[in-house]
Amino acid sequence: MVCHGDELTVVLMKFLLTVCEDEIISIVRHEGSLAAAFSVLSTILTSADNGKKMLEEDFQLMRCMLKVLEAIQYKHQLGRNGARKLLNRIPSTTRMPSDIGATGDDIDSGKKTDLESPGKELPEVSKVQEGEDGSGDNTNGEAKELQAKEESARCNDELDQCMLTSLHESLHDLLGNAVLLLPGRQDKHPAKTLQYLDSQCNHPRLDCMIHELQDVTIDNLCPLKVLMELAQKYDFRRLERILDSAETNYS
C-alpha cells in the first residue's frame with residue numbers, strides 16, 4: 001500500500017473533497033468510507049516520505065479532517081441530548097389496557113371505577129380488553145407495532161454509533177499524526193497546512209481540533225504543544241491566541 005501511496009492519495013483526496021465540498025457537510029451514509037479513507041491516509045502519512053510533502057504543499061487534507069470532525073462532534077452532541085425516544089411519543093389512546101387503572105381518567109376525575117363500586121360484579125375480562133367492537137385487538141396490535149419500531153430504531157442507533165465510533169477513531173489518529181508532521185521543514189517558510197490553520201480555518205473548527213487533541217500524546221509528544229511552538233516560531237498570532245485562550249494543558 002505504501003508503494004502506491006501517491007496513487008492512493010490522489011483517489012482518496014478526490015473522495016474527501018467531494019464529501020467536503022459544501023461549507024456545512026453531512027457524513028450520513030459516508031461513515032464507513034470516510035473511516036477507511038482516513039485509516040489508509042494515516043498509514044501513508046506516517047510511512048512515506050511524501051506524507052510530509054502533502055501537508056507542506058497543500059492544506060486540503062487538514063481542511064477535510066476538521067470539517068468531518070466538526071460533523072462527528074455535532075452528532076455526538078445530538079446523541080447525548082437523547083435523540084430518538086419513540087416511547088415518549090406514544091399517544092395515550094394507544095396504551096395497553098393493563099395501563100388503564102391507577103393512572104386512568106376515572107381515578108383522576110374523582111369518579112369511582114367499577115372495581116371500587118360496592119355490590120357490583122367484576123366485569124368479564126374479555127369485555128374489558130376487547131369491547132363489543134374488538135377494539136382491544138387493535139390496541140394490542142398498535143402497541144406491538146410501536147414496540148417493533150422502537151426496537152428497529154434502537155438497532156439502527158447502535159449501528160450508527162458503531163460506525164461513528166470507527167470513523168472518530170481513525171480520524172483521531174490521523175489528525176494527531178498530521179499535526180506532529182507539520183514541523184517538517186526547518187526553514188523560513190511554514191507548511192501551507194499551518195498557514196491555513198492560522199489564516200483560513202474558522203474559530204469553531206479550530207476549537208473542535210483543540211478539544212480533540214487536548215489530552216493526546218504520541219511518542220511522548222503533545223500535538224497541541226507542537227502546534228503552539230510552531231505558531232510562536234512563525235509569528236502566527238491568531239493561531240497562538242486561539243490555542244492560548246482554549247486553556248488546554250500542553251505539558
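Cut-off values and rules
- Residues numbered from 1 in each chain as written.
- Predicted model: local features only at pLDDT ≥ 70, side-chain atom pairs only at ≥ 80, totals over all residues.
- Heavy atoms only, no water.
- Phe/Tyr/Trp six-rings, centres within 6.5 Å; stacked < 30°, edge-to-face > 60°.
- Helix = DSSP H or I, 4+ residues; strand = E, 2+ residues; numbered from the N terminus.
- Salt bridge = Lys/Arg side-chain N within 4 Å of Asp/Glu carboxyl O.
- Buried < 20%, exposed > 50% of the residue type's maximum accessible area, 1.4 Å probe, protein only.

**Focus: the packing of aromatic side chains**
- By the definition in use, this model includes two aromatic pairs.
- Centre to centre, the rings of Phe 59 and Tyr 196 are 5.0 Å apart; their planes meet at 10 degrees, and the pair counts as stacked. Separated by 137 residues along the polypeptide, Phe 59 in the loop between α3 (50–57) and α4 (60–80) and Tyr 196 in helix α8 (residues 192–199) bring together distant segments of the chain.

**Considerations on the pattern of salt bridges**
- By the definition in use, this model includes four salt bridges.
- A salt bridge links Arg 205 to Glu 23; the shortest N-O distance between them is 3.3 Å. Taken as a pair, Arg 205 in helix α9 (residues 203–213) and Glu 23 in the loop between α1 (5–19) and α2 (31–47) lie far apart in primary sequence, 182 residues in all.
- The exposure class of Arg 205 is buried, given its relative accessible area of 5%.
- Glu 31 is the salt-bridge partner of Lys 75, the closest N and O atoms lying 3.3 Å from each other.

**As for unusual backbone geometry**
- Here the phi dihedral of Arg 29 falls at roughly 70 degrees; this positive angle occurs in a residue that is not glycine.
- Relative to the elements of secondary structure, Arg 29 occurs in the loop between α1 and α2.
- The residue Asp 235 is not glycine, and still its phi comes out positive at about 60 degrees.
- Mapped onto the fold, Asp 235 is located in the loop between α10 (223–233) and α11 (237–245).

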